Structures are given as C-alpha cells and as structure tokens.
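# Inside the fold
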Amino acid sequence: VLEGAHVMMTEIVVPSPPTPKPKEAKPPEPAPPAAPPYSAYNAEFSLGYLGALPASDAPIQSGARLAASLAPTAKSGFRATLAFQFLPTWTGARDGVSFSLRRHPLEALLGFAFARNSFRLIPELGLVADLVRRETDAVLPPFVESAPSNRWIWAVPLRLRGVHLVSGHLGLYSALGADFLVRRSDEVILRGSQSETVAAWLRVRPEIEAGLSVSAF
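All of the points below concern the structure found in this document.

Procedures and definitions
Residues numbered from 1 in each chain as written. Predicted model: local features only at pLDDT ≥ 70, side-chain atom pairs only at ≥ 80, totals over all residues. Heavy atoms only, no water. Core = buried A, V, L, I, M, F, W, Y, C linked by side-chain atoms within 4.5 Å. Buried < 20%, exposed > 50% of the residue type's maximum accessible area, 1.4 Å probe, protein only. Helix = DSSP H or I, 4+ residues; strand = E, 2+ residues; numbered from the N terminus. Contact = heavy atoms within 4.5 Å. Phe/Tyr/Trp six-rings, centres within 6.5 Å; stacked < 30°, edge-to-face > 60°. Salt bridge = Lys/Arg side-chain N within 4 Å of Asp/Glu carboxyl O.

### Side note on the nonpolar core
Formed by 13 residues in total, the largest nonpolar core has its most connected members in Ala55, Trp90, Leu101, Val132, Ile153, Leu181 and Trp201. Residue assignment for this core shows that the elements contributing at least two residues are β5 (97–112), β7 (119–139), β9 (149–167) and β12 (194–199). Those residues in contact with Ile153, other than ones at most four positions away along the chain, are Val128, Ala129, Asp130, Val132, Leu181, Trp201 and Arg205.

### A word on the packing of aromatic side chains
Going through the model one piece at a time under the given rule, you end up with 6 aromatic pairs. Seen in terms of ring centroids, Trp90 and Trp201 are 5.9 Å apart; in terms of plane orientation they differ by 75°. Their pairing is edge-to-face. Of this pair, Trp90 sits in strand β4 (residues 90–94) while Trp201 sits in the loop between β12 and β13 (204–216), and the two are 111 residues apart along the sequence. Since its relative accessible area comes to 6%, Trp90 is described here as buried. Judged by its relative accessible area of 1%, Trp201 falls in the buried class. Between Phe112 and Phe114 the ring centres are 5.0 Å apart and the planes differ by 65°, which places this aromatic pair in the edge-to-face class. Taken together, the aromatic side chains of Phe78, Phe112 and Phe114 make up a single cluster linked through ring pairs.

### So, the side chain of Ser213
Note that Ser213 resides in strand β13. Look past the residues within four positions of Ser213 in its chain and what remains in contact with it is Glu44, Phe45, Ser46, Val163, His169, Leu170, Gly171, Leu172 and Tyr173.

### Overview of the environment of Ser215
As for its placement among the helices and strands, Ser215 is situated in strand β13. Residues Ser215 and Ser69, spaced 146 residues apart in sequence, show a C-alpha to C-alpha distance of 9.3 Å.

### Considerations on the pattern of salt bridges
The full count for this structure, using the stated rule, is 16 salt bridges. Here Arg79 and Glu124 are joined by a salt bridge, their closest N and O atoms 3.5 Å apart. Taken as a pair, Arg79 in strand β3 (residues 78–86) and Glu124 in strand β7 lie far apart in primary sequence, 45 residues in all. A residue is classified by how much of its surface remains accessible, and Arg79, at 6% relative accessible area, is buried. Assessed through its relative accessible area of 2%, Glu124 is described here as buried. Between Arg161 and Glu124 there is a salt bridge, with the nearest N and O atoms lying 3.0 Å from each other. In this pair, Arg161 is assigned in strand β9 and Glu124 in strand β7, connecting sequence segments 37 residues apart. For the pair Arg161 and Glu124, a shared accessibility class is recorded, and that class is buried.

Written out as structure tokens, the structure reads:
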C-alpha cells in the first residue's frame, strides 16, 4: 500500500434479518342470536290470571283476562288494547237476604311502550264498562224481594304493565293497577220504605294480572 500498489476492495452485502410473519388473527366468535325487539311486532294477544277486589265486603275475585293489542306501525310505541274479564259470580248474604252479582267488565286502553331489547314497560289509561247483574236468591221478612236487574258501572283504569319476550313470539307479562269509579252506586235492599246497603263498591278497585302473551305481524 505504501509503494502505491493497487488494493482490491470487495463490497460485502450483509443480508437483512428476516421479517417475522404477522400472526393470523382469529375470527371473532359469532354472538348468540338476540331475541327480536318488541318493536318488530305491532300486534299482541294475551291470556292470563286476573285478581280484583270490587267491594269492601267482597272476597278477591279470581278470574281470567283475554286481551288483544294493536300498534299503528311496528316501530310505534303507542298501542290500543281491548280486553274482556271473565269473573266468577259473587254470592253474599246479609240480614236474611242472599244475593248474587255477576260482573262482565270490558276494557278499552291506550298505552305507550318503553322498549329495551326484549322488555317493555307500558303505562296504560282508558275506560272500563262493567255490566253488573244482580239477582236476589232468598229474602226473609220484612225485606222485599226485587226483580233481577242489570246496570252499567263506569270506571277509569290505570295500569302499569311489564312484558318480557322469552322465546320467539312468546312473552310473560304482569301488571298492577286500579279502576277509579266514575260514579259510585251501591247495591241495596228494601225494608218497607227504607233501604239497606248489601254491597258497597270501592271507589278505587285494585287489580293484579299475570299471564302469557303472543306477538305477531
């Protein structure tokens, strides 16, 4: 090198380290199918138990309630309901008079459903027309037997209903509420020119419900 000789230089290529292959991401596990929200349906039919206390001196009447509800559109929270109550005959006796009362309440309700996934909370307000038939079964003097009579009792119902969709179109519901009588009129018997009350209707009649519902359309 000092004498001016040529020096041969060779370029050495250093190989780069291999790039690691990215790990393949596992596909996410499919989520379990969720129950369809209630907003997917705009019609519902229900059948269940009904417990009602109509009068202060009457036992709790246990019967059945059949209802049909309809919403204007599938996404609407408003719904209209028609329902009929099947109640047993109420029999009573007082001061030598035995009687029977048959009630046939018909409900017309308007509610709004607050929905979250498969659950709905529905406050309802409407009108109840209760056809009551009274018959006198036996009378002892000095009371006077009266002919069978029919009359309407009108009330404003207030309900709070909860419905949970458990499988497909099938749901469970429960409700608490009361009927507020528009005009109270008690059942009386006659003793000469005087009258005596044998059944005093409650101004506020509590009710409870529980049963099954089926959503459609």
